[in-house]
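Structural overview
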There are 4 protein chains.
Amino acid sequence: MAVSVFEDALLGPLFRDPVTSSAFEASRTVERFNRVETALADACAAEGLVSRESADAVTNVLRAFAPDPATLASGTARDGIPVPAYVAALKAAVPEAHRSAVHFGATSQDVMDTALALALVEVNASLHHRLRAAAEAVRKVIGTWGAAPIMGRTRMQAALPITFADRGAAWLAPLLDHDERLARLRGSVEALQLGGPVGNRAGWGRRGNGVARRMGKSLGLAAPAPWHTRRDALGEYAAFLSLVTAAGGKIGQDVALMAQQGIDEAALSGGGGSSAMEHKRNPVLAELLVTLARYNAAQLGGFHQALLHEQERSGIAWALEWTTLPPMCAAAGRSLDAVSALLSAIERIGKPA
Amino acid sequence: MAVSVFEDALLGPLFRDPVTSSAFEASRTVERFNRVETALADACAAEGLVSRESADAVTNVLRAFAPDPATLASGTARDGIPVPAYVAALKAAVPEAHRSAVHFGATSQDVMDTALALALVEVNASLHHRLRAAAEAVRKVIGTWGAAPIMGRTRMQAALPITFADRGAAWLAPLLDHDERLARLRGSVEALQLGGPVGNRAGWGRRGNGVARRMGKSLGLAAPAPWHTRRDALGEYAAFLSLVTAAGGKIGQDVALMAQQGIDEAALSGGGGSSAMEHKRNPVLAELLVTLARYNAAQLGGFHQALLHEQERSGIAWALEWTTLPPMCAAAGRSLDAVSALLSAIERIGKPA
Amino acid sequence: MAVSVFEDALLGPLFRDPVTSSAFEASRTVERFNRVETALADACAAEGLVSRESADAVTNVLRAFAPDPATLASGTARDGIPVPAYVAALKAAVPEAHRSAVHFGATSQDVMDTALALALVEVNASLHHRLRAAAEAVRKVIGTWGAAPIMGRTRMQAALPITFADRGAAWLAPLLDHDERLARLRGSVEALQLGGPVGNRAGWGRRGNGVARRMGKSLGLAAPAPWHTRRDALGEYAAFLSLVTAAGGKIGQDVALMAQQGIDEAALSGGGGSSAMEHKRNPVLAELLVTLARYNAAQLGGFHQALLHEQERSGIAWALEWTTLPPMCAAAGRSLDAVSALLSAIERIGKPA
Amino acid sequence: MAVSVFEDALLGPLFRDPVTSSAFEASRTVERFNRVETALADACAAEGLVSRESADAVTNVLRAFAPDPATLASGTARDGIPVPAYVAALKAAVPEAHRSAVHFGATSQDVMDTALALALVEVNASLHHRLRAAAEAVRKVIGTWGAAPIMGRTRMQAALPITFADRGAAWLAPLLDHDERLARLRGSVEALQLGGPVGNRAGWGRRGNGVARRMGKSLGLAAPAPWHTRRDALGEYAAFLSLVTAAGGKIGQDVALMAQQGIDEAALSGGGGSSAMEHKRNPVLAELLVTLARYNAAQLGGFHQALLHEQERSGIAWALEWTTLPPMCAAAGRSLDAVSALLSAIERIGKPA
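Right, let's walk through the structure included here. Remember, predicted model here, so these are calculated numbers, not experimental data.

**What to know about the interface of chain A and chain D**
Size of an interface: often given as the accessible area lost when the parts come together. With 67 residues of chain A in contact, the opposing surface of chain D contributes 68 residues. The interface formed by chain A and chain D holds 11 residue pairs in polar contact (both at pLDDT 80 or more) in total. The set of elements that each furnish at least two residues to the side of chain A that touches chain D consists of α1 (12-15), α2 (18-23), α3 (26-46), α5 (69-79), α6 (83-93), α7 (108-145), α11 (284-305) and α12 (315-344) of chain A. Take the side of chain A that touches chain D: its biggest share by element is 10 residues, from α12 of chain A. Broken down by class, the residue content of the side of chain A that touches chain D amounts to 38 nonpolar, 22 polar and 7 charged.

Spelled out as structure tokens, the structure:
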């Protein structure tokens, strides 16, 4: 038990996704703040909004900028976000003559949202690989056991005999399509947010789009119009994460049903032990896959409640995003790993000889 | 008050979407069953699985087939779906010599899911037009009031002055992108389902894909591999419906905030009356837009719980889809109409002169 | 397919709850408006706020008041609620000299919310009986098959032998407790709402509490302080409805698992037919029970989003309640009936002899 | 950004509830495992199921038992729960002659669920105090500003003047009732779970109820019949947690609306700073309260999906509980603290003089 199963020392070993945990770790977030401010200072210099000398003074500090975590923490407690305290600390670290080049024209949301986009670059790169690995794991099971006769079951009743290849095809296809979905979505969520205080890029005069283009390029992000209050790309991405866990959930549910005594259409190596019954082999990963699918489905409902960003910035909806998106990434990543692990533990499909 | 606000005589005038109500009306569903069975019989004949004569006998009956609603109703009460009773009635109406050509190789889910796809053709065609109309309504407001100065507000506090064009841009952009999303999604949800009893098209031998291709062509649907247990396309589509209502909800929330006395940055003509206060003009449509957004967000969470179709057919998950998808379509359609109506009632944006 | 499965001609026979459908039918709602206005006029007369003669003039009209549905419908389209049009029609029907006694001091929400409370009286009376009937059905199955040995299964794996009485006890206990919960909750949701335009009963001067007490008495409702913006009683009640469907869902899920071929620990008479496979007997009601449980769980998440009523009346949150609560009642009622029907169809528990 | 905002170093200062974090901390969970096993050994001895000497040998070890966290972690990775590894380590630490007295008759779920109940004792004791503190904070604001005239607003439009006491009453009443709800619910969720492998207490013969009674007494928990598969008490409790955050959300939403420039009916001291605009004072806590309410509402929908525990133990549903309940506790605790803090920062209610 822990506030978050994705981070708890006791339950984390079941739920934790190391990739997501790493991507959203606080010190990594601060590094991304540094990257964003570096890109901003450079772009503002290139666009002639600040002097190259001032920009260099800022980026020099940022190269190894590690503000006191306690300062950031008390900043969040006061401001609701760590960025104002971060920017204040950064300004304090930059020689006074160059201070006005810090955070030039920008606002906290620009830093927070762009840092999120950079975190998603990491998460997505890994999801891509893990979608392929999970698909490969399904293919391998089909390769080995595809010809095995199993009973086709509809509405939980025996219908007509099929082969495992039939059922396996329904496991495989979504994983392949999810990888295509991901490729498409990366273009929209791995995107710079740059808008300034009220989101209209007014702080950079006519150079706003130029600053954005340059920042996008140096950060490896798309540079669309500001998305400070339109979160549809994130909403679509959250749905994708739930589709990923649903693909895993279908596999897990089917395996758990196949592994029932009396059905006996699948055998797993390993499997969970019981504190009371020596003989039991619980299909822990199969169950986990269903849990993660139901978890993400519920979170998706919550995330879409966060799509309503009123006026030019919603503290309410924005914070609701933070509560929900990282756990959904973790569930998706963990689900894909669990698919691979579960399938590699399959020792038999079809009735025992 | 009614079981469904989308159909109630008292509250329906606020919530009802005539397009969705018509598309999902029971008699229309039966007409679609007829279309599916007609396409099936024709395709089976073309593929040489049944005789042309038998197929003609079937399609002749289907031309004006209207089974007794009470028979279908008691069929649903018994079987959980109306299709077995429908097929039985159809067989009874076809001369015995040709009866084996009815529903050849197919299963109830093929008929239900394909009928759903045909309903979505109607819904989607209308959503496309209404997305464009809503976008046009936003453009018109920007055209008229874009230069009006309003206060940019972040975290519900005055930040810096902007023009309405700035805020309006955040209303418009998602609507345009949603229309693109819809165009893409139509290819995946306007799709024939054809699988037979256990979803592997075994009942048509090697002609299954040919039957599917022909049916898709005659019904105007894509003809992908069976999707009887993979519902990711529907899951993605449900998320799209929630994105649509969220776009409306943002507009409604902003308008309601702008219309507050003391803020006075928008004036609406008409507006809802009160039974107690003559002077009030309630921003009814603005509020409705937020309600619909929160409704669809919650339904989306429910719909994604339905993505887990175990084995070859899940009566549980399938029925959960039925509870949720049509109301989501209705909310999306109603939202777009309400955007257009609300914006056409705007009499002023910006402080009164 | 229909916008609402609870009302569709084709799918309704599976989902429809006649008690809820009747309780929330539009004409019944109008009758309740009449009852509320009658009680209000009488109470205002008794408290000396309007003359007895005027009150009698009003209640005389109300005895058979049936305003034109089209008028109410267009009222809702304009005002977001039917009450202003209803009150206008009522005033028009009352002689001018007594008109000021109509809707005295009250506001639309008083009428809508109190009418809801009266609808819940009907729903709850029926849920009470159906909870007892469902419990009785479980008891009967335990009575007949309690000694039957079945395999105790944990994490979907065979664990240790139990008797059906063990499992049945877990079916029965929640139903009994839900009936106790209902008895407690009836006191809080079967409650008069009386607040006037801004919810503080100012329109009745110092007689507001007296008016409320009298109205509560004549309507058979509790008469607490105004609850126009505190909806916790409804939120708790919605959770109760979800607990009820969860109790049914557990039974349905267990029965569906027990009825699997290979497990063979339950046999059902009747059961759903298939359009493709003559031999199948689908456990339609067992599946429905799980569907209804998942449906209500999702709606509960939506209903709790509606708990935030800002200021003195939230058009947004209030309308969100209307979308969600009646379907939850219908799902709960249907679930209890389905429990009774499913259990009465059990022909065997335990392995066949 | 972090996987969990309740635990992140950067955002935790806004979201974290120290009471919940402490109650669910892993080392504390292990201490509770120790308490459960101690109570079990003692009760089994008292009931004559194990020797007093053996029980003492076990409880002696448990007095300072701190199994290697890495062992528990790899146990969870294998078994899905830490208890089998914990019990194995405990057995290894107990002299062989007394080993059979360890975990006598029990199963992992008994330990996990009872440890959860003990954690909830801590959480609930604190929620009780914080509900009272939040109510006191509301009373104080009413005491100071109750007579201040503000505009009563309905459907976000000015309606009629009220005093703040009117609005404040709607803030206060739910908090008082929630404290009563909590008192009632504590009796049902602060409850021993004792069932053994398949939940029927068979492992203790006729002494099962006696063992349970004794354990309940020594642990300070109720000792009802096993609730291994009936989770309605938890489902009701989760709804309570959402009601608590909703009460806070109403206050936060109202304060945020009152603090708008142009409305100016509330002034707050402190408040969040902006990285771009020196003059801004963002109502961070007011927004947080709404976020937490929407978060818990969404989690509640997820938690009720976990109410379906199939057969004698559902690995799926059980794990879904773990993902959701501790964050809901944290949100409720944080919400109450934020209510108190927000209200203590109120410097003015009503228009400025």
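**Details of the pattern of salt bridges**
If charged atoms from side chains of opposite charge come close, those side chains can pair. Residue and element names in this part refer to chain A. Taken as a whole and judged by the stated rule, the model has 96 salt bridges over all chains. With its nearest N and O atoms 2.9 Å apart, the salt bridge here joins Arg52 to Asp42. With Arg52 in helix α4 (residues 52-62) and Asp42 in helix α3, the pair connects residues that are 10 residues apart, well separated along the chain. You can call Asp42 partly exposed: its relative accessible area is 30%.

**Some words on the relation of the copies chain A and chain D**
The transform that puts chain A on chain D rotates by 180 degrees and translates by 0.0 Å along the axis, for an RMSD of 0.0 Å. In symmetry terms, the pair is related by a two-fold rotation axis. By residue overlap, the copies meet face to face through one surface: 100% of the interface positions of chain A are interface positions in chain D.

**Digging into the side chain of Glu190 of chain A**
Residues and elements named next belong to chain A. Of note, Glu190 is situated in the loop between α8 (164-189) and α9 (208-219). With relative accessibility at 9%, the residue Glu190 sits in the buried group. Residues contacting Glu190, with those up to four places away along its chain left out, are Ala117, Leu120, Val121, Asn124, Leu221 and Ala222.

**Examining the relation of the copies chain B and chain A**
Rotating chain B by 180 degrees and moving it 0.0 Å along the rotation axis overlays it on chain A with an RMSD of 0.0 Å. Taken as a fraction of all interface residues of chain B, those also at the interface in chain A reach 100%, which identifies the copy contact as same-surface.

**Section: the interface of chain B and chain A**
In this assembly, 55 residues from chain B lie in contact with 55 residues from chain A. With both sides pooled, the region where chain B packs onto chain A buries about 4900 Å², and carbon together with sulfur makes up 57% of that total. Linking chain B with chain A are 10 salt bridges, by the criterion used here. In this assembly, chain B and chain A are joined by 26 residue pairs in polar contact (both at pLDDT 80 or more). Those elements that provide at least two residues to the side of chain B that touches chain A are β1 (149-154), β2 (157-163), α8 (164-189), α10 (232-258) and α11 (284-305) of chain B. Here the element with the most residues in the side of chain B that touches chain A is α10 of chain B; it accounts for 13 residues.

Reading the values: rules and limits
- Residues numbered from 1 in each chain as written.
- Chains lettered and ligands numbered in written order.
- Predicted model: local features only at pLDDT ≥ 70, side-chain atom pairs only at ≥ 80, totals over all residues.
- Heavy atoms only, no water.
- Contact = heavy atoms within 4.5 Å.
- Polar contact = N/O pair within 3.5 Å; in protein donor to acceptor, adjacent residues only side chain to side chain.
- Helix = DSSP H or I, 4+ residues; strand = E, 2+ residues; numbered from the N terminus.
- Nonpolar A, V, L, I, M, F, W, Y, C, P; charged D, E, K, R; others polar.
- Salt bridge = Lys/Arg side-chain N within 4 Å of Asp/Glu carboxyl O.
- Buried < 20%, exposed > 50% of the residue type's maximum accessible area, 1.4 Å probe, protein only.
- Least-squares fit on C-alpha atoms with pLDDT ≥ 70 in both.
- Buried area = accessible area lost by both parts, 1.4 Å probe.

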